[in-house]
Amino acid sequence: MSGSAQQLDQVRDAPTAPDQRRGDRRRGRLIYRHTALVRATHWINVVFLTILLMSGLQIFNAHPALYWGEVSNFGDPALSITAQRTEGGASRGITTVAGHQFDTTGWLGLSKDATGRSAARAFATWATLPSWQSLAEGRLWHFFFAWLLVLNGLVYLLFGLLNLHLWRDMVPSRQELRGIGRSAWDHLRLRFPTGEEATRYNVIQKLSYLVLVLVLLPILVLAGLAMSPRLDAASPELLTIFGGRQSARTIHFIAASMLVIFVIVHVFMVLISGVWNNMRSIITGRYWIETRAGTDA
Ligand code: HEM
């Protein structure tokens, strides 16, 4: 039921005292926007994905380079993050993408650890789980929470399909698709829907959630599974679809990076489009819709 105003929970029609003083007529209603299941799976996802991202970076640190194809070609990685010594003898963090080198000292390749000492590692200690270098522990965290994430995702998808949440709230109508240009322009000007229009996700929100839930997260999980030797033995087709083990690792990394970009934009939009109302809706389910605003003055 999330995303559309299915249940009218409470109606507040009287202007509040400060509004009356200013002559405002702030009228509206609280709608029930997110079901308990959507809220619970959303926050469980946030915790699990944070753990998976940090433990994934720990695993990446053990061999901080990505390749395309079946085998790793150590001489020519698609991406690498290393510490290198310059001619003057100083160490620098160097990130190489498709043969182009960037100095990323302080962020990638070479960064300060908790004691303030320079540490030669792809991702900094604060970004990995555990913070110290340990491939074995990183893998334990990663694999355990990956299965929990899959379970949580399946619960979300199953209920989303059964109660039509995915269909009703996330699949845009033709009319909405035709208005995508206007919606994009409104987003660029940081103008957000109000009134009746705000009772459901806007078309850009719908498409981004849909792509996230039905495309990006499944690719992330499947590329991860393709790297599992046990699964490869049982079903080698998956690895073939991803174009080999190294390609699967690179796609897994790219999908995780896109997820991070999604989260940055998502949280930014939450913050600027009415942070308290948005947070209340994804925590309690209730979302305030202003139906009329005006002034007597
Ligand atoms: C791993 C990170 C996150 C992912 C993958 C994610 C994903 C999503 C998805 C798919 C929805 C739509 C849920 C549905 O209707 O079924 C959603 C809604 C929402 N999320 Fe997140 N989210 C993440 C992090 C966060 C964080 C950190 C915040 C808070 C700062 C947040 C706040 C919200 C809010 C307020 C909504 C409801 C938006 C609305 O009603 O218009 N999310 N999120």
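Residues numbered from 1 in each chain as written. Predicted model: local features only at pLDDT ≥ 70, side-chain atom pairs only at ≥ 80, totals over all residues.

Asker: Would you take a moment to explain the environment of leucine 212 for this structure?
Answerer: As for its placement among the helices and strands, leucine 212 is situated in helix H7 (residues 203–226). Looking at leucine 212, the number of C-beta atoms within 10 Å reads 18, which means it is partly exposed. Sequence-wise, leucine 212 and leucine 259 are 47 residues apart; in three dimensions their C-alpha atoms are separated by 7.9 Å. (Helix = DSSP H or I, 4+ residues; strand = E, 2+ residues; numbered from the N terminus. Buried ≥ 20, exposed ≤ 12 C-beta atoms within 10 Å, placed from the backbone.)

Asker: Help me understand helix H3 (residues 135–162), please; the structure alone is not making it clear to me.
Answerer: An α-helical turn contains 3.6 residues, so a residue and the one three or four places further along point in the same direction. Between its first and last C-alpha atoms H3 spans 40 Å; for 28 residues at 1.5 Å apiece the expected length is 40 Å, and the two agree. Within the span of H3, buried status applies to Gly138, Trp141, His142, Phe145, Ala146, Leu149, Tyr156 and Gly160. Buried residues along H3 sit against helix H2 (36–62), helix H4 (165–170) and H7. Immediately beyond the C-terminal end of H3, within one or two residues, lies leucine 164, with a positive phi of roughly 70°. (Expected span 1.5 Å × (residues − 1). Contact = placed C-beta atoms within 7 Å.)

Asker: I would appreciate a short explanation of the pairing of strand S7 (residues 108–112) in the present structure.
Answerer: A regular strand places its side chains so that they alternate between the two faces of the sheet. Burial within S7 is extensive, with four of its five residues counted as buried. In this structure, the hairpin formed by S7 and strand S8 (residues 118–123) is closed by a connection of five residues, where glycine 116 is found at a positive phi of approximately 90°. (Pairing = 2+ DSSP bridges.)

Asker: Mind showing me how you'd approach the sheet that holds strand S6 (residues 100–103) here?
Answerer: Adjacent strands of a sheet pair through backbone hydrogen bonds, lying either parallel or antiparallel. Pairing is antiparallel in the open sheet, where four strands are placed in the order S3-S4-S5-S6. Across the chains shown, the open sheet's two edge strands, defined by having one partner strand only, are strand S3 (65–66) and S6. Pairing geometry for S3 and strand S4 (residues 79–85), over two bridges, is antiparallel. Bridge pairing links leucine 66 to leucine 79 in S4.

Asker: So what exactly am I meant to see when it comes to the pairing of S8 here?
Answerer: Sheet analysis places S7 next to S8, joined by five bridges and oriented antiparallel. Looking at the pairing, leucine 110 lines up with alanine 120 of S8.

Asker: What am I meant to see in unusual backbone geometry here?
Answerer: Backbone phi values are negative for most residues with the exception of glycine, while trans is the configuration of most peptide bonds. Here the residue pair leucine 129 and proline 130 is connected by a cis peptide bond, since its omega of -10° sits within 30 degrees of zero. Considering the arrangement of structural elements, one finds proline 130 in the loop between S8 and H3. Of note, leucine 164 is a non-glycine position whose phi angle comes to about 70°, a positive value. Tracing the backbone through its elements, the reader meets leucine 164 in the loop between H3 and H4. Owing to 11 C-beta atoms within 10 Å, leucine 164 belongs among the exposed residues under this scheme. Positioned with a positive phi, leucine 190 is a non-glycine residue whose angle comes to about 55°. By the secondary structure assignment, leucine 190 is in the loop between helix H6 (180–188) and H7.

Asker: I would appreciate a short explanation of the confidence of the model for the protein chain in the present structure.
Answerer: Low pLDDT marks regions whose predicted coordinates should not be analysed in detail. For the protein chain, the average pLDDT comes to 89, and 89% of its residues sit at 70 or higher. This model gives residues 1–23 a pLDDT under 50, and the stretch forms 48 contacts once residues within four places in sequence are excluded. (pLDDT = per-residue confidence, 0-100.)

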